Amino acid sequence: MPAPDVAALLIEMERSEPDYAEHARSAIEWLTGGEPLEMITELNVCEFLWYTLPTKVSGDRPAIARALGRLLRRGGLERYAALCVAPVTSQILRTYARSGEEEGLAAYQAALDATGVLPPDVPELRWSSIMGPEELGAHGACSAALELAIVSGELDPASAPDREGLTRRWLTAPRTELGGDNWLHRVQGERLNRWVLGRGTAWRELAQPFEVRLHAPVPVPDGDHLQALRWLLRVGRRPGGIPLTPQDGLAPAVLDESRWSDAELAAAVEAAREMGVLEEADSPRRLVTTADGGRLLGDAGLLWAAATATLLVSTTGEHDFRVSTREVALMLLAEGKPADRESVIAVIGCEEWRHPEVDAALTELNRRLHAFGLCSGGVLTPGGRAAALTALRGHALRPRRYVSMS
């Protein structure tokens, strides 16, 4: 049921503008879901006009938009009413009608970005495509704060740094309505809980203790870690870079200079390429350290975060099953338990035909842990446990995305 103030406005429209009343009723029900008019925001209105109306609502869509505008104007929401008849709204509706949904969605996203009220991704949080209740609340609150700052003249909607700064402050500031907590903690707690509860009884039993352990960022451990990776980045900055053989291996001179095995260096090179810190150059063929690689080499915290992320980041063409296998293995290792095939399968459960995939995923994880100097004799070092927790936390807190079936 519409809120009483909306009902009164609709009664007025039925008396004075009956041709608009039914369209207005349909639109306001979609827009507010029965909440009072004062609860809506610019983001709500834009999403209705530019996405919901053309993709989910049938009928004369331009007429519905105009009717909504007349209702909002009656409610004193002049700025929102203006959006309903704005040229950009007419253009987007025509794009959907003439060019199809894909072109319409692109026009919608471009127009929404231009408003400045869409909270941007920030280092602390990348927004999900599929949001839980806490993240929806955080996203809506940040959008309302951006809108208020723009309307008051405190924020230029075209200034990405200013929008990011406000979003970060809004996410991390203690909120009275949250009992002194902040939105960032709420979103992270929701994502961790979803990660723990999402995959069956055995998974939940193993993951449950990590919900508390992963809530706070994991400190970078003391000591000189990732030595093989650091050495490769330093060699890659030399004038000749890291020469390669015709078979794409490291040149004998490089192998002779290092104190790591060929297998350890090969795994470290593979990780460095995934991280984008080493890239191949021609004439002659060699690996060189990228600008990002040089930056990470000078910042131990950034290098640690980027390297540990490769323990769980899915590579091109890799099935999520292998990533889940590595997740389970890291949890077992972090708990001081064996991470062999039988132990992992007891958690993830899989048909026998998938056992080779489990073996391949575990082999790859062990190669990388050894290449990074985080594992010895099948047991994580203290730095290795920190790396496992860092990788698990990053993976658990990743934004939830729609999966493309194409």
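Everything numeric in this text was worked out from a predicted model, so none of it was measured. (Residues numbered from 1 in each chain as written. Predicted model: local features only at pLDDT ≥ 70, side-chain atom pairs only at ≥ 80, totals over all residues. Heavy atoms only, no water.)

1. Digging into the overall build of the chain
Part 1: Looking only at helices and strands, the chain has 20 helices and five strands in total.
Part 2: Its C-alpha atoms give the chain principal-axis dimensions of roughly 90 × 50 × 45 Å.
Part 3: Among the 406 residues that make up the chain, the fraction classed as buried is 46%.
Part 4: For the chain, the proportion of contacts with a sequence separation of at least 24, taken over those separated by at least 6, is 63%.
Part 5: Summing over all exposed atoms, the chain offers an accessible surface of approximately 20,300 Å²; the carbon and sulfur share of this is 53%.
Part 6: Charge centroids of the chain, computed over 43 positive and 56 negative side chains, lie 1 Å from each other. (Helix = DSSP H or I, 4+ residues; strand = E, 2+ residues; numbered from the N terminus. Buried < 20%, exposed > 50% of the residue type's maximum accessible area, 1.4 Å probe, protein only. Contact = heavy atoms within 4.5 Å. Areas by Shrake-Rupley, 256 points an atom, 1.4 Å probe, with all protein chains shown as cover. Lys, Arg positive; Asp, Glu negative; His and termini not counted. Charge placed at Lys NZ, Arg CZ, Asp CG, Glu CD.)

2. Comments concerning the side chain of T95
Part 1: Of note, T95 is situated in helix 6 (residues 87-99).
Part 2: For T95, the side chain forms a polar contact with the main-chain oxygen of Q91, separated by 2.9 Å.
Part 3: Excluding residues that lie within four positions of it along the chain, T95 makes contacts with G100, E103, G104 and A107. (Polar contact = N/O pair within 3.5 Å; in protein donor to acceptor, adjacent residues only side chain to side chain.)

3. Digging into the pairing of strand 2 (residues 278-281)
Part 1: Bridge analysis of strand 2 against strand 3 (residues 286-289) gives four bridges, and the strand direction is antiparallel. Within strand 3, the residue paired with L278 across the bridge is T289. (Pairing = 2+ DSSP bridges.)

4. Section: the pattern of salt bridges
Part 1: Summed over the entire model, instances satisfying the criterion amount to 29 salt bridges.
Part 2: Between R199 and E327 there is a salt bridge, with its nearest N and O atoms 3.0 Å apart. One end of the pair, R199, is in the loop between helix 10 (183-197) and helix 11 (201-213); the other, E327, is in helix 17 (residues 320-334), and 128 residues separate them in sequence.
Part 3: Judged by relative accessible area, E327 falls into the buried class, the value being 1%.
Part 4: For D248, the salt bridge goes to R285, with nearest N and O atoms at 2.8 Å. With D248 in the loop between strand 1 (242-243) and helix 13 (252-257) and R285 in the loop between strand 2 and strand 3, the pair connects residues that are 37 residues apart, well separated along the chain.
Part 5: Residue class for D248 comes out partly exposed when judged on its relative accessible area of 37%.
Part 6: Each of the salt bridges in this network shares a partner with another, and the network as a whole consists of E270, E274, E364, R367 and R368. (Salt bridge = Lys/Arg side-chain N within 4 Å of Asp/Glu carboxyl O.)

5. Observations concerning the side chain of S258
Part 1: When you line up the elements, S258 lands in the loop between helix 13 and helix 14 (262-275).
Part 2: Judged by its relative accessible area of 12%, S258 falls in the buried class.
Part 3: Of note is the side chain of S258, whose polar atom sits 3.2 Å from the backbone oxygen of L255.
Part 4: A polar atom in the side chain of S258 sits 3.3 Å from the backbone oxygen of W260.
Part 5: The residues contacting S258, other than those within four sequence positions of it, are W231 and L265.

6. A word on the environment of A306
Part 1: The residue A306 is located in helix 16 (residues 300-309) in this model.
Part 2: Separated by 85 residues in the primary sequence, A306 and A391 have C-alpha atoms spaced 9.4 Å apart.

7. Details of unusual backbone geometry
Part 1: Located in the positive-phi region is L226, a residue other than glycine, with phi close to 60°.
Part 2: Within the secondary structure layout, L226 lies in the loop between helix 11 and helix 12 (227-236).

8. A look at the packing of helix 17 against helix 18 (residues 341-348)
Part 1: Look at helix 17 against helix 18: their axes get within 10 Å of each other, and the N-to-C directions meet at 110°. Judged by the inter-axis angle, helix 17 sits roughly perpendicular to helix 18. Here helix 17 and helix 18 pass one another in a crossing that is right-handed. On helix 18, the residues touching F321, S324, T325, V328, A329 and L332 of helix 17 are S343, V344, V347 and I348. (Axes fitted to C-alpha atoms, helices over the stretch in contact; angles between N-to-C directions. Parallel < 35°, antiparallel > 145°, perpendicular 65-115°, else oblique. Left-handed = near helix turned anticlockwise from the far one by under 90°.)

9. With respect to the layout of surface pockets
Part 1: Put simply, the largest pocket is a space of about 1,700 Å³.
Part 2: Contributing to the lining of the largest pocket are 40 residues, with R126, G394, H395, L397 and R398 lying nearest its centre.
Part 3: Elements with a minimum of two residues in the lining of the largest pocket: helix 10, helix 16, helix 17 and helix 20 (382-396).
Part 4: Residue contributions to the lining of the largest pocket peak at six residues, all from helix 10.
Part 5: For the second largest pocket, the calculated volume is near 830 Å³. (1 Å grid on protein atoms, 1.4 Å probe; cavity = no way out; pocket = protein on both sides within 12 Å on 5 of 7 lines; lining within 4 Å. Points joined across faces, edges and corners; volume = space filled by probe spheres on them.)

10. Side note on the packing of aromatic side chains
Part 1: Going through the model one piece at a time under the given rule, you end up with three aromatic pairs.
Part 2: Residues W231 and W260 carry aromatic rings whose centres are separated by 5.8 Å and whose planes lie at 50° to one another, so their mutual orientation is tilted. Taken as a pair, W231 in helix 12 and W260 in the loop between helix 13 and helix 14 lie far apart in primary sequence, 29 residues in all.
Part 3: The lysine or arginine in question, R70, covers the ring of Y20, its NZ or CZ lying 4.3 Å from the ring centre. (Phe/Tyr/Trp six-rings, centres within 6.5 Å; stacked < 30°, edge-to-face > 60°. Lys NZ or Arg CZ within 6 Å of the ring centre and 35° of its normal.)

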